[in-house]
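# Coordinates in review
Spelled out, the chains give:
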Amino acid sequence: MPLTPLDIHNKEFNRGFRGYDEDEVNGFLDQVIKDYEGVIREKKDLQEKLAKMEEKLSYFTNIEETLNKSIVVAQETGEEVKRNANKEARLIVKEAEKNADRIINEALSKSRKIMLDIEELKKQSSVYRTRFRMLIEAQLEMLKNEDWEHLMPPKDEKEQDQLTESDAEKANIT
């Protein structure tokens, strides 16, 4: 156990014949006590400073570790966000391509159907036109029939001549 200033102060030496000068030894011991107390006080102050510095160092070391962990987590999160964004972008592109293909296929299907409808309408129009022509021709033939002339006798000769001329004109048209 180290000496304390009190130990030095209370130390008593045995006296011998012609020993040291007591005042000189006591003066020297007083000086040693003062210096030793100063060294102990300085040591205690330095130990307190050291403890505070170690506490601060520990605090800053913890902050550094936390920051390093945060940086690593942020980097990992950033990479994960980037990977997810790339995945989502690829999915969006695939979905857009599928939609585009679907829209194109639907448009082609509709255009084919419209073309078929147009062809069918052309056929129906041709059939209708042929039937209508046949109907008109049949009606004209009925008008040309002489049975109509017997139903209405002419009132005078002028009218008879006009009817004959109009029949001739009709015959030339057809």
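Residues numbered from 1 in each chain as written. Predicted model: local features only at pLDDT ≥ 70, side-chain atom pairs only at ≥ 80, totals over all residues. Heavy atoms only, no water.

### Examining the overall build of the protein
The line we're drawing: Numbering of helices and strands runs from the N terminus, with a helix taken as a DSSP run of H or I at least four residues long and a strand as a DSSP run of E at least two residues long. Note on exposure labels: buried denotes an accessible area under 20% of the residue type's maximum, exposed denotes more than 50%, and partly exposed covers the range between, all computed with a 1.4 Å probe on protein chains only. Throughout, the Shrake-Rupley method with a 1.4 Å probe supplies accessible areas, and for residues the shown protein chains are the sole cover considered.
The secondary structure content of the protein amounts to four helices and zero strands. Classification of the 174 residues of the protein by burial places 2% in the buried group. As displayed, the protein offers around 16800 Å² of accessible surface, 58% of which is attributable to carbon and sulfur atoms.

### Some thoughts on the pattern of salt bridges
Defined as follows: The salt bridge criterion pairs a side-chain nitrogen of Lys or Arg with a carboxyl oxygen of Asp or Glu, the two atoms within 4 Å.
Inspection of the entire model under this criterion finds four salt bridges. A salt bridge links D117 to K113; the shortest N-O distance between them is 3.3 Å. Separated by four residues within a single helix, D117 and K113 lie in helix 2 (residues 22-144), roughly one turn from each other. We note a salt bridge from K122 to E119, for which the minimum N-O separation is 3.9 Å. Of the two residues, K122 and E119 both sit in helix 2, three residues apart, roughly one turn of that helix. Of the residues examined, K122 reaches a relative accessible area of 52% and is grouped as exposed. The partly exposed category is assigned to E119, whose relative accessible area is 38%.

### Observations regarding a positive patch on the surface
Just so we agree on the cut-off: Like charges within 9 Å and nonpolar side chains (Val, Leu, Ile, Met, Phe, Trp, Tyr) within 5 Å are joined into patches, using only residues over 30% in relative accessible area that form no salt bridge. Positive residues here are Lys and Arg, negative ones are Asp and Glu, while His and the chain termini are left out of the count. The location of each charge is read from NZ of Lys, CZ of Arg, CG of Asp or CD of Glu.
A contiguous patch of positive charge, built from K87, R90, K94 and K98, is present on the exposed surface. Along the chain, R90 falls in helix 2.

### Notes on the layout of surface pockets
The cut-off we apply is this: The method works on a 1 Å grid over the protein atoms by themselves. A cavity is a set of points holding a 1.4 Å probe that cannot get out, a pocket is an open set with protein on both sides within 12 Å along at least five of seven lines, and residues with an atom within 4 Å of a point line them. Grid points are joined across faces, edges and corners, and a volume is the space filled by probe spheres set on the points.
Within this model, the second largest pocket holds a volume of roughly 410 Å³. What lines the second largest pocket is a set of 18 residues, among which F13, R15, E22, V25 and N26 lie closest to the centre. Elements with a minimum of two residues in the lining of the second largest pocket: helix 1 (5-10) and helix 2. Ranked by residues supplied to the lining of the second largest pocket, first place goes to helix 2 with six residues.

### Some thoughts on the confidence of the model for the protein
Under the convention used in this document: As a per-residue measure, pLDDT tells how confident the predictor is, with possible values from 0 to 100.
Chain-level pLDDT for the protein is 86 on average; 83% of the residues reach the 70-or-more range. The secondary structure element of the protein with the lowest average pLDDT is helix 4 (residues 157-173), at 62, and the one with the highest is helix 2, at 94.

### Points about the packing of aromatic side chains
How two aromatic rings sit relative to each other is set out by the distance from centre to centre and by the angle between their planes. Let me state the cut-off plainly: Side-chain rings of Phe, Tyr and Trp, where Trp is taken by its six-membered ring, are said to pair if the distance between their centres is within 6.5 Å; with planes under 30 degrees apart they count as stacked, over 60 as edge-to-face, and otherwise as tilted.
Applying the stated criterion across every chain, the model contains two aromatic pairs. When the centroid spacing of 5.9 Å and the interplanar angle of 10° are considered together, the rings of Y128 and F132 count as stacked. Note that Y128 and F132 are positioned in helix 2 at a spacing of four residues, about one turn of the helix.

### Structural notes on a nonpolar patch on the surface
Where nonpolar side chains cluster on the molecular surface, the patch consists of Y128, F132, L135, I136, L140 and L143 and spans about 580 Å² of accessible area. Looking at where I136 falls in the secondary structure, it is placed in helix 2. I136 gets classed as partly exposed once you look at its relative accessible area, which sits at 37%.

### Digging into the environment of V25
Tracing the chain through its elements places V25 in helix 2. Counting along the chain gives 12 residues from V25 to F13, while the straight-line C-alpha distance between them is 9.8 Å.

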